[in-house]
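Chain by chain, the residues run as shown.
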Amino acid sequence: VVFFNAGSSVPDPKKPLFKDIVAGSLNWLTSIVPDGTGGWFVGGKFSLANSQIRKFLVHILSDNALDAKLNINWSGAFEVDALKKDGNYLYVGGRFKAIDKQQRVHLNIFRLDLQTMKIDPSWNPLSFVSSSDFVSSSDFVSGIEISRDKIFLGGMFTFVVNTYYDSPQLVT
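Residues numbered from 1 in each chain as written. Predicted model: local features only at pLDDT ≥ 70, side-chain atom pairs only at ≥ 80, totals over all residues. Heavy atoms only, no water.

So, the overall build of the protein
From N to C terminus, the protein includes zero helices and 15 strands. Within the protein, buried positions represent 42% of all 172 residues. Looking at the protein alone, contacts between residues at least 24 apart form 38% of all its contacts between residues at least 6 apart. Carbon together with sulfur atoms contributes 52% to the accessible area of the protein, which is approximately 9,100 Å² in total. (Helix = DSSP H or I, 4+ residues; strand = E, 2+ residues; numbered from the N terminus. Buried < 20%, exposed > 50% of the residue type's maximum accessible area, 1.4 Å probe, protein only. Contact = heavy atoms within 4.5 Å. Areas by Shrake-Rupley, 256 points an atom, 1.4 Å probe, with all protein chains shown as cover.)

Describing the nonpolar core
Ranked by size, the top nonpolar core spans 18 residues in total, and within it Leu57, Ile72, Trp74, Leu90 and Phe110 carry the most contacts. Listing elements by their share of this core, those giving two or more residues are strand 7 (79–86), strand 8 (89–99) and strand 9 (105–113). Setting aside chain neighbours within four positions, we find tryptophan 74 in contact with Lys55, Phe56, Leu57, Val80, Phe96, Lys97, Ala98 and Phe110. (Core = buried A, V, L, I, M, F, W, Y, C linked by side-chain atoms within 4.5 Å.)

Regarding the packing of aromatic side chains
For any pair of aromatic rings, the description consists of the separation of the ring centres together with the inter-plane angle of the planes. Throughout the structure, instances matching the rule amount to six aromatic pairs. Where tyrosine 91 meets tryptophan 123, the ring centres are 5.1 Å apart and the plane angle is 80°; that geometry is what we call edge-to-face. Here tyrosine 91, found in strand 8, pairs with tryptophan 123, found in the loop between strand 10 (118–119) and strand 11 (140–147); they are 32 residues apart in sequence, far enough to count as distant. By relative accessible area, which is 8% here, tryptophan 123 ends up buried. On the numbers, 5.5 Å between centres and 65° between planes, the contact of phenylalanine 96 with phenylalanine 110 is edge-to-face. Here phenylalanine 110 lies in strand 9 and phenylalanine 96 lies in strand 8, a separation of 14 residues in the sequence. For phenylalanine 96, a relative accessible area of 1% gives the class buried. Here the aromatic cluster, defined as three or more aromatic residues joined through ring pairs, consists of Phe56, Trp74, Phe96 and Phe110. (Phe/Tyr/Trp six-rings, centres within 6.5 Å; stacked < 30°, edge-to-face > 60°.)

Regarding unusual backbone geometry
Phi is positive for asparagine 108, close to 70°, though the residue is something other than glycine. With respect to the helices, strands and loops of the structure, asparagine 108 is situated in strand 9.

Here's the deal with the confidence of the model for the protein
Per-residue confidence for the protein averages 80 on the pLDDT scale, and 74% of its residues sit at or above 70. Overall, residues 129–134 carries pLDDT values under 50, and its contacts beyond four positions in sequence, including any with other chains, amount to five contacts. Overall, residues 162–167 carries pLDDT values under 50, and its contacts beyond four positions in sequence, including any with other chains, amount to nine contacts. (pLDDT = per-residue confidence, 0-100.)

A look at the sheet that holds strand 1 (residues 28–34)
One open sheet accounts for three strands, arranged 1-2-5; its pairing is antiparallel. On the outer flanks of this sheet lie strand 1 and strand 5 (57–60), each paired with one strand and no other. Taken pair by pair, the neighbouring strands of this sheet meet at an average axis angle of 20°, ignoring direction. By the bridge criterion, four bridges tie strand 2 (residues 40–45) to strand 5 in an arrangement that is antiparallel. Directly across from glycine 43, in strand 5, lies its bridge partner leucine 57. (Pairing = 2+ DSSP bridges. Axes fitted to C-alpha atoms, helices over the stretch in contact; angles between N-to-C directions.)

Topic: the side chain of asparagine 108
Classification of asparagine 108 by relative accessible area gives buried; the value is 4%. Aside from chain neighbours lying at most four places away, what touches asparagine 108 is Val92, Gly93, Gly94, Arg95, Phe96, Leu126, Asp139, Phe140 and Val141.

Side note on the environment of arginine 148
Checked against the element boundaries, arginine 148 lands in the loop between strand 11 and strand 12 (150–156). Measuring from C-alpha to C-alpha, the distance between arginine 148 and aspartate 86 comes to 9.9 Å, with 62 residues separating the pair along the chain.

So, the environment of serine 122
By the element assignment, serine 122 lies in the loop between strand 10 and strand 11. Assessed through its relative accessible area of 62%, serine 122 is described here as exposed. It is 9.9 Å that separates the C-alpha atoms of serine 122 and aspartate 100, two residues lying 22 residues apart in sequence. At 2.7 Å, the side chain of serine 122 forms a polar contact with the side chain of aspartate 120. (Polar contact = N/O pair within 3.5 Å; in protein donor to acceptor, adjacent residues only side chain to side chain.)

Encoded structure:
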């Protein structure tokens, strides 16, 4: 993983390293988005960032430190594939189960409140009727786009707001 300063072709050696992402490993980065204050959100499949244990999602602050406030409770996580920042929220998609502070399961997508760095429990579009931890191993969110008051999710999933669908749906 290499970070460059704008206009430079020389890697920035001060940026955090993802040491377990090497040729031949089963780890990778999939999404990087600026936080708006000189830092970055990075998602993928990894377990170390800057020699610290961090899984799937990190916030690199403008001073290159890792944000200790970001601590997601992953359950059965595999990877983060898509990130999209919109105002005070970061939308996180991939192949995972994440648990919010109210112990609700968020499947393959959640909205992170950037003020608290916690999952927003009020937004859970890919929820299920059952309280079981059912997750199809083939379901995932690989793309997130936002246009005004609409959120578009790409990927492969079958449940949107407790209803079974056989094709992707627009989430508002």
